[in-house]
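Chain residues, written in single-letter form:
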Protein chains: 2
Amino acid sequence: MSTASPKSGISRRRLLGVAGAGALTAGVGVGGFKLTTADAGKSEAGDPSYDFYGTHQAGIVTPAQDRLHFASFDVITDSREDLVALLQAWTQAAAEMTAGTPVGGEEAARSYDSPPADTGEALGLNASGLTLTFGFGPTLFEKGGQDRFGLKERQPKALRELPHFPADNLDPARSNGDLCVQACAHDPQVAVHAIRNLARLGFGTVSMRWAQLGFGRTSSTTTSQSTPRNLLGFKDGTANVKAEETDDLDSFVWVGEDDDPRATWLSGGSYLVARRINMHIETWDRTSLREQENLVGRDRPEGAPLSGGTEFTEPDFDLQGSDGPLMAVDSHVRLAHPSTNNGTRLFRRGYNFTDGSDALGRLDAGLFFIAFVRDPDTHYIPMQNQLSSQDGLMEYLQHTGSGLFAVPPGIAEGSWIGEALFA
Amino acid sequence: MSTASPKSGISRRRLLGVAGAGALTAGVGVGGFKLTTADAGKSEAGDPSYDFYGTHQAGIVTPAQDRLHFASFDVITDSREDLVALLQAWTQAAAEMTAGTPVGGEEAARSYDSPPADTGEALGLNASGLTLTFGFGPTLFEKGGQDRFGLKERQPKALRELPHFPADNLDPARSNGDLCVQACAHDPQVAVHAIRNLARLGFGTVSMRWAQLGFGRTSSTTTSQSTPRNLLGFKDGTANVKAEETDDLDSFVWVGEDDDPRATWLSGGSYLVARRINMHIETWDRTSLREQENLVGRDRPEGAPLSGGTEFTEPDFDLQGSDGPLMAVDSHVRLAHPSTNNGTRLFRRGYNFTDGSDALGRLDAGLFFIAFVRDPDTHYIPMQNQLSSQDGLMEYLQHTGSGLFAVPPGIAEGSWIGEALFA
């Protein structure tokens, strides 16, 4: 699996000496004094890079990076050829950027008479653990009854707009899309740089539909990571499936070979569920800590279930307190637990976001939820129906954006994103 | 000066053991198994904390942290008493949060029957170099002809709405305000937590007017920091006044004792200029590297002036190339240079931002410019008039937000933000 072995990245900085020298001779034309261009950029110590190529796409079970830039695009051409060319160009650029090298490599940085192949704001930064994960929305296959790119017969049966859930208040301008790219990195500048350069390569072929910056991870994807906190102030993702639980990944994350005869190209891939979940921060902040903990089902300091133990102790839903079960019947933990969801476990990599304040001065903030599921019909929709109708937390939440994307399997070197779909 | 000596912070994590135990006895009421609550949070190594109290406010010459959350508030009460009470509450909360401790301290975390004094999402994180810098807008002194809080006679003469500059396209919803808070930290979750908790303390007294998240610093404020890049892909802030240049800080940043007889309370403070500068990213990205460098006046790889040398070499504006001066007459570096601005040097701490995409699919991104100046009439407005009318870069920029705030001097322990103004 590509994502299991971080390696020390090739730094963009190492390339700068050459680019700088090229700049000197090709560009300014004044000689001799600019040849030592060691950049005093940020330290490269400790930041891994992840292979773009592999069995599965990186950015799924990869240890959750700190920052996110997620973008959804609409395809604005009717040309299948142009779409394929973009996916090929994206493949190459993604491989370069995740390795910490500029788009187009060193050569392109020397061309002074054309726009630079790389936009430059990540020069001197290292790979910062960047991963780029690509997905296809249902409208890529069919839109308004049109089989736009000859892909309709290969549309996965589960790939359709998510149903309306009880508490949804979706903004169409923050929902859906033909293509998505999830950029995760430890340095947000690296994630933003990646999305910007992909958008730029797509000029004339795609248009950015919406994007979301996430400033703090709210999931651990490996057992070696500590559990972060969401903007409710509680640890989030304690019960997340972890990368080490490979049996559960096969059961709940990776699409199997025989899952969908129409879409064998998706085998080894997954479905990406994106939900922009606004929190009614101000209301939550006026709720007693006792009430908050009862709604979540965990204590705030440690994240232990209210039935006792420590963070990773299994909750005891039968244990009674003086006022009924210690794990309230409408608590989030109970309603999201495998025991009330036909054994389903969820694999998430969500991010906290804030986008300023709304017209009433309230924080526009919450959780940008991302889950990777083997089958949304089994592993997401039933759980979300249950949560949105029964979860006591829903009083403080509102889903304002939504998307479902089919995430093809990993790309083999020499291949390109979705090649099997277009084959 | 408070900001010169980072010290190892008291971690919120250390407090969690106590809070956890309190939770156990006061809250859940099931005994004995939750007393060891060592949190597996992020490492505390390497992240300093800065004293909130000092001669000058922290967050000005403090080494520029990586992330920003900036907020502007409107005061929604007519009560001077309530306003003062808020400034006092903000003082205490700011001192706590910048030390890495929860708002309200440990005791408040044990109160289970009331809303928690701290919203919790920074529990387990350390101070992360958090600084909180407070400012007063002109409308705090007078609005619609009203002397709202009896402060009008003390309004600094330079504290008024910035004039309209040629390329301005300001959004009133992203401009001005009665109060501002600049939160800078290495971890954005810590900065967001700080603004959220200040907003919460202000409920009923202030309303958030606008806010801006900045994901990457674009200035160095000390000689020990490397120069970061803005979203044009170029190093930004090479010529910034640095914390070590104390004579220039006195000349260009700190308000002097005799600067303004009406506003002696501002002595030792500064003026904060905030400008949200959108970049026409897509147009810039289609410009040749040669043209980009000529517009900036520096090469992209290293940031050296086009007249030669390395990054910190002084530009030679007279040096001729084959097509005229190597430093173009409309280059940004030339027009912002002290030699064309009556000797003025600017002290900035700006941040890159992106707020998704606009209705046309273009990135809503750019630079959130922050400068601290001794006198905006001398040290900012003339320079910005020159830049906005002559700078070749302006073709790629649009100012979409603006604010000017008077930043009182540092707060002495036992005092509170702006006490001298209200005395």
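Not measured: the values here are computed from a predicted model.

Caption draft 1: Geometry of unusual backbone geometry. Backbone geometry places A:Asn342, a non-glycine residue, at a positive phi of 50°. Phi at B:Ser128 takes a positive value of approximately 55°, unusual for a residue other than glycine. Note that B:Ser128 resides in the loop between helix H3 (105-109) and strand S4 (131-136). B:Ser128 gets classed as buried once you count the C-beta atoms within 10 Å, which come to 28.

Caption draft 2: The arrangement of the pairing of strand S3 (residues 67-75) of chain A in detail. All names here are of chain A. Of all the 9 residues making up S3, 8 are buried; the element is thus mostly covered by neighbouring parts of the structure. Summarising the sheet, S3 and strand S5 (residues 179-185) pair through 7 bridges and their orientation is antiparallel. Each residue of the ladder has a partner; that of Leu-68, found in S5, is Cys-184. For S3 and strand S6 (residues 206-214), the ladder comprises 8 bridges, and the chain directions are antiparallel. Directly across from Asp-74, in S6, lies its bridge partner Ser-207.

Caption draft 3: Molecular detail of the packing of helix H2 (residues 80-98) of chain B against helix H4 (residues 188-201) of chain B. All names here are of chain B. Close contact between H2 and H4 brings their axes to 10 Å; oriented N to C, the two are set at 155°. On the basis of their axis angle, the class for H2 and H4 is roughly antiparallel. Our pair here, H2 against H4, has a crossing hand that is right-handed. Touching Leu-86, Ala-89, Trp-90, Ala-93 and Met-97 of H2 are Ala-194, Asn-197, Leu-198 and Leu-201, all from H4. Partitioned by chemical class, the residues of the contact of H2 with H4 number 8 nonpolar, 1 polar and no charged.

Caption draft 4: Region of interest: the environment of A:Arg262. Residues and elements named next belong to chain A. Mapping Arg-262 onto the fold places it in the loop between helix H6 (246-252) and strand S8 (270-279). Taking the C-alpha atoms as reference points, Arg-262 and Asn-385, separated by 123 residues in sequence, lie 27 Å from one another. For Arg-262, the contacting residues outside a window of four places in its chain are Glu-153, Arg-154, Gln-155, Pro-156 and Lys-157.

Reading guide: rules and limits
- Residues numbered from 1 in each chain as written.
- Chains lettered and ligands numbered in written order.
- Predicted model: local features only at pLDDT ≥ 70, side-chain atom pairs only at ≥ 80, totals over all residues.
- Helix = DSSP H or I, 4+ residues; strand = E, 2+ residues; numbered from the N terminus.
- Buried ≥ 20, exposed ≤ 12 C-beta atoms within 10 Å, placed from the backbone.
- Pairing = 2+ DSSP bridges.
- Axes fitted to C-alpha atoms, helices over the stretch in contact; angles between N-to-C directions.
- Parallel < 35°, antiparallel > 145°, perpendicular 65-115°, else oblique.
- Left-handed = near helix turned anticlockwise from the far one by under 90°.
- Contact = placed C-beta atoms within 7 Å.
- Nonpolar A, V, L, I, M, F, W, Y, C, P; charged D, E, K, R; others polar.

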